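Listed here are the chains, written in short residue letters.
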Amino acid sequence: MTTRRTLRLATTTYTVDIGPHWPELVAWGPVGVEDGPSPLANHGRVHFITEADAAPVDYAPRGQRPFFGADLVVGRPGEPRESWWELTENKANHQQMRLTYVDKVTGLEAVLIYQVVPATDVLLRHVELTNNGDTPLEVERFGSAGVCLPTRGARLTYLSGQWAQEFQRRTIDLPAGEFRIGSRYGVPGHNYAPWLAVQDQHGEQAWGVSLVWPGSWEIDAEVDPTGMTRVRAGRLPHPGPLVIEAGAMLIAPYAALAYSPDGLDGLARVWHAYERRIRRDRTRRPVLYNSWEATGFAVDAPSQLELAKVAADVGAELFVVDDGWFTGRGDDTGGLGDWTPDEAKFPGGFGKFVDDVRALGLDFGLWVEPEAVSPKSRLYAEHPDWAYRIDGRPQTLIRNQLLLDLGRKDVYEYISAMLDRLLTTYPISYLKWDMNRPATPRGPALSDLDGDYVHHYKLLLIQLRGYKDVLVEACAGGGGRTDLQTIAYSDVVWPSDNTAPLDRLSIQDGFLLAHAPDRMSSWVTDAPGIFDARPRSLRFRFVLAMAGVLGIGADITKWTDAQRAEARALVARYKEIRDVVHNGDVYRLPDAVQYVTPATTVVLAWNTGALPGIPDVPGRPVRLPLQALRPGFYADRESGAPYSSAHLTHVGLPVHWTRDHDADVVVLDHVAT
Ligand code: GLA
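Notes on the structure in this doc start here. (Residues numbered from 1 in each chain as written. Predicted model: local features only at pLDDT ≥ 70, side-chain atom pairs only at ≥ 80, totals over all residues. Heavy atoms only, no water.)

1. Looking at the overall build of the protein
1) Next: If you tally the helices and strands in the protein, you get 13 helices and 37 strands.
2) Next: For 673 residues, the compact-globule formula gives about 26 Å, and the C-alpha radius of gyration of the protein, at 26 Å, lands near that figure.
3) Next: Overall size of the protein, expressed as C-alpha extent along the three principal axes, is 75 × 70 × 40 Å.
4) Next: In the protein, which comprises 673 residues, the share counted as buried stands at 60%.
5) Next: Across the protein, contacts joining residues at least 24 apart in sequence account for 69% of those joining residues at least 6 apart.
6) Next: Split by element, the accessible area of the protein, about 25500 Å² in all, is 53% carbon and sulfur.
7) Next: The protein carries 68 positive and 85 negative side-chain charges, and their two centres are separated by 2 Å. (Helix = DSSP H or I, 4+ residues; strand = E, 2+ residues; numbered from the N terminus. Rg over C-alpha atoms; globule rule 2.2 N^0.38 Å. Buried < 20%, exposed > 50% of the residue type's maximum accessible area, 1.4 Å probe, protein only. Contact = heavy atoms within 4.5 Å. Areas by Shrake-Rupley, 256 points an atom, 1.4 Å probe, with all protein chains shown as cover. Lys, Arg positive; Asp, Glu negative; His and termini not counted. Charge placed at Lys NZ, Arg CZ, Asp CG, Glu CD.)

2. Some details on empty space enclosed by the protein
1) Next: The full count for this structure, using the stated rule, is five cavities of 30 Å³ or more.
2) Next: By volume, the largest cavity amounts to about 70 Å³.
3) Next: Pro286, Leu288, Tyr430, Val492 and Val549 are the residues nearest the centre of the largest cavity, which is lined by 13 residues in total.
4) Next: Mapped onto the lining of the largest cavity, the elements with two or more residues apiece are strand S28 (521-524) and strand S29 (549-552).
5) Next: When residues of the lining of the largest cavity are assigned to their parent elements, the largest contribution, three residues, is made by S29. (1 Å grid on protein atoms, 1.4 Å probe; cavity = no way out; pocket = protein on both sides within 12 Å on 5 of 7 lines; lining within 4 Å. Points joined across faces, edges and corners; volume = space filled by probe spheres on them.)

3. Side note on helix H2 (residues 263-279)
1) Next: With 17 residues, H2 extends 25 Å from end C-alpha to end C-alpha; this agrees with the ideal 24 Å at 1.5 Å per step.
2) Next: Burial analysis of H2 places 14 of its 17 residues in the buried class, the great majority of the element.
3) Next: Phi turns positive one or two residues past the end of H2, at arginine 280, with a value near 50°. (Expected span 1.5 Å × (residues − 1).)

4. Observations regarding the site of the ligand
1) Next: Every one of the 13 residues lining the ligand counts as a neighbour, but Asp322, Asp323, Arg399, Lys432 and Asp497 are closest to it.
2) Next: Contact between the ligand and tryptophan 367: an oxygen atom at 3.0 Å from a side-chain N or O atom of the residue.
3) Next: Within the side chain of lysine 432, one N or O atom sits 2.7 Å away from an oxygen atom of the ligand.
4) Next: Protein contact buries 96% of the 310 Å² of open area that the ligand shows by itself.
5) Next: Judged by the proximity of its atoms to the pocket grid, the ligand belongs to the second largest pocket. (Near = heavy atom within 4 Å. Polar contact = N/O pair within 3.5 Å; in protein donor to acceptor, adjacent residues only side chain to side chain. Sits in = over half its atoms within 2 Å of the grid points.)

5. Here's the deal with the layout of surface pockets
1) Next: Size it by volume and the largest pocket reaches roughly 710 Å³.
2) Next: Val212, Tyr254, Lys458, Gln485 and Tyr489 are, among the 25 residues lining the largest pocket, the residues nearest its centre.
3) Next: Those elements that place two or more of their residues in the lining of the largest pocket are strand S8 (122-131), strand S18 (249-251), H2, helix H8 (449-465) and helix H9 (484-488).
4) Next: Residue composition of the lining of the largest pocket, by class: 15 nonpolar, four polar and six charged.
5) Next: Composition of the lining of the largest pocket by domain shows at least three residues from each of domain 1 (3-278) and domain 2 (288-577).
6) Next: Taken as a whole, the second largest pocket spans an internal volume of roughly 520 Å³.
7) Next: In terms of lining, the second largest pocket is formed by 28 residues, of which the most central are Trp163, Asn436, Gly477, Gly478 and Asp497.
8) Next: Residue composition of the lining of the second largest pocket, by class: 13 nonpolar, seven polar and eight charged.
9) Next: Mapping the lining of the second largest pocket onto the domain boundaries places at least three of its residues in each of domain 1 (3-278) and domain 2 (288-577). (Nonpolar A, V, L, I, M, F, W, Y, C, P; charged D, E, K, R; others polar. Domains from an automatic or database assignment.)

6. Some thoughts on the pairing of strand S31 (residues 592-596)
1) Next: The buried fraction of S31 amounts to five of the five residues, a majority that puts the element mostly inside the structure.
2) Next: Side chains Ala592, Gln594 and Val596 of S31 all project onto a buried face; the interleaved residues Val593 and Tyr595 project onto the opposite face, where all are buried too.
3) Next: Remark: two residues form the turn of the hairpin made by strand S30 (residues 585-589) and S31, two consecutive strands paired antiparallel; aspartate 591 in that turn has positive phi of roughly 50°.
4) Next: In terms of strand pairing, S31 meets strand S32 (residues 600-606) through five bridges, oriented antiparallel. Following the sheet pairing, glutamine 594 is matched in S32 by valine 603.
5) Next: Following S31, the chain reverses through three residues before pairing antiparallel with S32. (Pairing = 2+ DSSP bridges.)

Now the structure itself:
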């Protein structure tokens, strides 16, 4: 007996046939795609594989689907990890589904859960496992969701890189075979974002998956011999299998699924809308100044106040003291774990210093790295067993530091109390939460290390929500922990330590494919390029940082009066367009981004190529064809120049590049026709 169910999202539907052994996808796309024969159903005979291998299954254990990718691999210790199950319960309406499958031999119960995120085109899927048997079960593969897509072969877009080079957009065509990305770091990592987009090799429409999980993970895609693509996403049990004791439960993280008929750009808008929905009313995004690139570890009250004065003068609203403010932190070999302000650096007291910054009209923010510990710290001397370690084995230092086992209750309580002390002692309204090394070694290997760690990390972020108006910037050596759970419980993300202009442009391009502009923390700095060293103007750096949440990280005490005046004008401009940038629909144009609200369109554009040579030789300005405009006319807010929507759409907005003018901000207001 098979039952058909359709889940209804904002503009899309997801239709499933619920069978006795597994659910199958029937259709996933714009409303109405379910009215017709399934493009995924197998019409042929099955040779050399099982029925489930050829079927468009949503979720199945190995045993039932042995060859083309199972979602769950589980068994009793020392016994085969192949299971078979049957449907015992099926509860569904148009917003959610709970399908219960039971393996009679082991007593494993798996509830497959589907939930529509209201008013979005995002569907959350996950699985809850309960061990109703009397023997522990070992989980070797633990998918949150699998999904088949009606593509012929697949065009895959993913975001990859390394430290200082995160979110590089890459696309490959996969006519057959497998593709896999993931992380064993205990955090999502810099190498791949836990995000994948799938398209047909010819079509525009795009399907996406993104994980709500800040631990180790894997996403893969397999194109079977018929050309059908199946994507699986979930936690990566690492270093060993996960154990479910008799009577216990294991809950998979959510895999978020999204669809757009409008290609990767449209898919990005679906993800942006989702992130805007989960931010609820937390929309405040002050212009910040962060002193890290200006002073490094050489933090002290006079130098910070000098920076703060200039920051206030150019229009910053928040001053953040980065690393280096606490005892033992003259460099990166000490101090982590002992979160007490260094009185030698703040002779009048840290409280007085914070008050002095606030007296300039700036909010105050602070950097912390709560999960880290320096071997030289007092914390480590008192609690050497709190850091991850395996008895008799060396501890590996990365950036001269160790990682606390946040899965432990005592570590969690220590960090919770430390954060509370900081936030109740000083008027802090912004925390930059960093993490500068991955988890290794992972002893003791008795429990679910990643799961316990992530659980407490989430509780701490939830705790921070309880302090009125404290904003949280999530960071892990740049963008090493950018996932939808971190995003749900923070306000902005620091995408990369690379702030060089042309490098940043490609990092931001990738970031905005997966995440919303109001999550993208971006600073204007003095940094030269790491990968692309071509110099760019101060204006270019500002316009680039204005594409998300504007910050300044340069040594502004060294800026000339003219540079400060330019900065002041650009910060003021940004404040004017901030709402449109953070709430508008994003359309990507070549070397430009367009933000669209009904009343106003903002275009940020950068020249990255050759200059046209004007006015020295004949030439014409570059044109940027705009998208999603309302019929009628628009007026350039600065020059007053009027343009018809048809002109802007089909001829394009003119931008005039010269040697001294390599970036532009254009604000276009819709005017009555
Ligand atoms: C990490 C962060 C940087 C900065 C330094 C401080 O690298 O990504 O932004 O905070 O740590 O040590």
